[in-house]
Amino acid sequence: MHLTQPHTPADFAAYYQLRYQVLRQPWNQPEGSERADDDPDPATFHAMLVADDGTVVGVGRLHASGPQQGQMRYMAVHPDWQGQGIGQQLLTYLEAEARRRGLTESILHARQAAVPFYERAGYSVVAPSHTLFGTIPHFLMQKYL
């Protein structure tokens with residue numbers, strides 16, 4: 001297994017497919033809704049964890065969201081690989097990139113079910129955030145790097 005950034009069109013297709021499969025499809029959202037307008041921005045850092053057989057098993061991204069502040073978004077782990085440390089590896093990788101960029105704080109909007117995962121990684125709930133698709137409560141979380 002190895003952590004990498006998507007570079008080729010095939011890499012990005014697999015990257016976006018997992019984002020869609022985990023973060024949008026279960027709520028009957030249309031394909032394409034897994035993409036963000038700032039995804040192509042060169043300052044946006046995309047990460048994926050790839051199994052030895054080439055399967056993308058986890059994805060996430062980082063972008064600057066303020067002075068010395070980064071935001072983690074679109075964290076997703078393939079259902080067959082959840083609970084095996086994939087998310088933690090991705091988060092550690094993204095946080096290392098944030099530090100390399102001189103960022104000192106990381107924020108994210110976690111789904112309610114993911115709050116304990118992020119708390120174990122050192123994040124704290126700042127406030128309730130928003131409700132996605134009318135059914136998924138999110139919480140703003142923060143960690144000083």
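Residues numbered from 1 in each chain as written. Predicted model: local features only at pLDDT ≥ 70, side-chain atom pairs only at ≥ 80, totals over all residues. Heavy atoms only, no water.

**Some words on helix 2 (residues 86–100)**
Side chains of residues three or four places apart in an α-helix project in the same direction, reflecting 3.6 residues per turn.
For step 1, the next point in the chain: Given a rise of 1.5 Å per residue, 15 residues ought to cover 21 Å, and the 21 Å separating the end C-alpha atoms of helix 2 matches this to within 8%.
For step 2, the next point in the chain: For helix 2, the full list of buried residues reads Ile86, Gly87, Leu90, Leu91, Leu94, Glu95, Glu97 and Ala98. Seen end-on, helix 2 carries its buried residues on one side only, within an arc spanning 160°.
For step 3, the next point in the chain: Along its buried surface, helix 2 packs onto strand 1 (2–4), strand 2 (45–50), strand 3 (56–66), strand 4 (69–77), helix 3 (115–120) and strand 7 (136–144). (Helix = DSSP H or I, 4+ residues; strand = E, 2+ residues; numbered from the N terminus. Expected span 1.5 Å × (residues − 1). Buried < 20%, exposed > 50% of the residue type's maximum accessible area, 1.4 Å probe, protein only. Arc of directions from axis to C-beta. Contact = heavy atoms within 4.5 Å.)

**Section: helix 1 (residues 9–23)**
For step 1, the next point in the chain: Taking 1.5 Å as the rise per residue, helix 1 with 15 residues should run 21 Å; its terminal C-alpha atoms sit 21 Å apart, in good agreement.
For step 2, the next point in the chain: Of all the positions in helix 1, only Tyr15, Tyr16, Leu18, Arg19, Tyr20, Val22 and Leu23 are classed as buried.
For step 3, the next point in the chain: Looking at the buried residues of helix 1, the elements they touch are strand 2, strand 3, strand 4 and strand 5 (105–111).

**Observations concerning the side chain of Ser106**
For step 1, the next point in the chain: Structurally, Ser106 is set in strand 5.
For step 2, the next point in the chain: Here Tyr123 takes part through its side chain, which lies 2.8 Å from a polar atom of the side chain of Ser106.
For step 3, the next point in the chain: With residues near it in sequence (within four places) discarded, Ser106 still touches Gly70, Met72, Tyr123, Met141, Gln142, Lys143 and Leu145. (Polar contact = N/O pair within 3.5 Å; in protein donor to acceptor, adjacent residues only side chain to side chain.)

**Focus on the pairing of strand 4**
For step 1, the next point in the chain: Of all the nine residues making up strand 4, eight are buried; the element is thus mostly covered by neighbouring parts of the structure.
For step 2, the next point in the chain: With seven bridges joining them, strand 3 and strand 4 adopt antiparallel strand pairing. From the neighbouring strand, Leu62 faces strand 4, where its bridge partner is Met72.
For step 3, the next point in the chain: The hairpin turn running from strand 3 into strand 4, its antiparallel successor, is two residues long, and Gln68 in that turn takes a positive phi close to 60°.
For step 4, the next point in the chain: Here strand 4 pairs with strand 5 via three bridges, running parallel. Residue pairing for strand 5: Gly70 is matched across the bridge by Ser106.
For step 5, the next point in the chain: Following the chain from strand 4 across helix 2 to the adjacent parallel strand 5, one finds a crossover that is right-handed. (Pairing = 2+ DSSP bridges. Right-handed = clockwise from strand over helix to strand, strands pointing away.)

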